[in-house]
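Observations on chain architecture
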Amino acid sequence: PAQPACLRMTDPQSLRAIGDVHGEARMLERAVAGADAIVLLGDLVDGGPDSPGVLRLALSLIASGRARLVRSNHDDKLYRALTGRAVKVGAELARTLADLRQAPDAEALIGAFLRVFEAAPYALVRGRYVFAHGAVQPARWRDGQPQTLDRARDHMALYGEVNGEMRPDGKPVRLYGWVDAVPGGWTAIV
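Once a new chain begins, its residue numbering starts again from 1 and follows that chain's sequence as written. In view of the model being predicted, local features appear only for residues whose pLDDT reaches at least 70, and side-chain atom pairs are presented and counted only at 80 or more, with totals across whole chains, interfaces and linings using the full set of residues. Heavy atoms from the whole structure form the basis of all side-chain values; hydrogens and water molecules are not counted.

Note on aromatic pairs: the rings of Phe, Tyr and Trp (six-membered ring only in Trp) are paired at centre separations within 6.5 Å, and the planes decide the class, stacked below 30 degrees, edge-to-face beyond 60, tilted for the rest. Evaluated as defined, the whole model comprises 3 aromatic pairs. Ring centres of Tyr 129 and Phe 131 lie 6.4 Å apart, and the angle between their planes is 25 degrees; on these two criteria the pair is classed as stacked. Connected via pairs of aromatic rings, a cluster forms that spans Tyr 79, Phe 113 and Phe 117.

Here it is as structure tokens:
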């Protein structure tokens, strides 16, 4: 299933934004229960015990028109690995790939993920709200409107604002200067 062209959202308060699921299918099930409109902020896979289960549920929500997905770094890396691009495969991605390939519905699940991810935007605009996984690049705002996003220019949407430094746990230092560039009257949800 490809992503629906628009998410049914009449009232911004009826929307639920969910990110960083990281293979926790049970947690995602609880998070989406009762929600009419959902924006999946990405990082569906890696880390938890059931990345295939998370993808099944997310793809079902997307196919039903209840959800949209925005791109994220972990899902992007999975996409690149599944499409034969060179990626560094760490322990989390190796487990996700193995679990996907061993799933009874592996071919259909992988195919559906690839189609949906190819159609996923780097950011999604609904009303005066902008949804992204990591951050919304300040240079991308002009006249109060976020401009068309693409991978070459919108690294921040996938990874957030970083400065090249690493924390002791090996993760990048995140910065939040971009928040001050969000125009008045707009809300960025990451």
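So much for the structure itself; the text now carries on.
What follows deals with the pairing of strand β4 (residues 123-126). Here, a strand pair is defined by DSSP locating no fewer than two bridges between the strands. Each helix corresponds to a stretch of at least 4 residues labelled H or I by DSSP, and each strand to a stretch of at least 2 residues labelled E; elements are numbered beginning at the N terminus. Here β4 pairs with strand β5 (residues 129-132) via 4 bridges, running antiparallel. The residue bridging Val 125 from the neighbouring strand is Val 130, located in β5. Hairpin geometry of β4 and β5 is characterised by an intervening segment of 2 residues between the two adjacent antiparallel strands and by a positive phi of about 60 degrees at Gly 127.

Attention now moves to the sheet that holds β4. The strand order across the open sheet built from 3 strands is β4-β5-β10, with neighbouring strands paired in mixed fashion. Two strands bound the open sheet, and with one partner strand each, they are β4 and β10 (187-189). Looking at each pair of strands side by side, their axes are set apart by 20 degrees on average, direction ignored. To get an axis, fit a line to the C-alpha atoms, keeping to the stretch in contact for a helix; angles then go from 0 to 180 degrees between the N-to-C directions.

A pair is scored as a salt bridge if a Lys or Arg side-chain nitrogen falls within 4 Å of a carboxyl oxygen belonging to Asp or Glu. Enumeration over the complete set of coordinates arrives at 4 salt bridges. Residues Arg 56 and Asp 105 are paired through a salt bridge, measuring 2.8 Å at the closest nitrogen-oxygen approach. On the criterion of sequence distance, the pair formed by Arg 56 in helix α2 (residues 51-63) and Asp 105 in the loop between α4 (91-102) and α5 (106-119) is long-range, its members being 49 residues apart. Judged by relative accessible area, which is 27%, Asp 105 ranks as partly exposed. Burial classes: relative accessible area under 20% of the type maximum marks a residue as buried, over 50% as exposed, and values in between as partly exposed (1.4 Å probe, protein chains only).

Attention now moves to α4. One less than the residue count of a helix, multiplied by 1.5 Å, gives the span that helix is expected to have. The terminal C-alpha atoms of α4 lie 16 Å apart, and with 12 residues this matches the ideal 16 Å at 1.5 Å per residue to within 8%. Listing the buried residues of α4 in full gives Leu 93, Thr 96, Leu 97 and Leu 100. Relative to the axis of α4, the buried residues are bounded by an arc of 95 degrees and lie together on one face. In this structure, α4 carries Ala 91 and Gln 102 as exposed residues pointing more than 90 degrees from its buried face. Residues of α4 that are buried sit in contact with α2, α3 (73-82) and α5. Regarding the arc, it is the one traced by the directions from the helix axis to the C-beta atoms. In this analysis, two residues are considered to be in contact whenever any of their non-hydrogen atoms come within 4.5 Å of each other.

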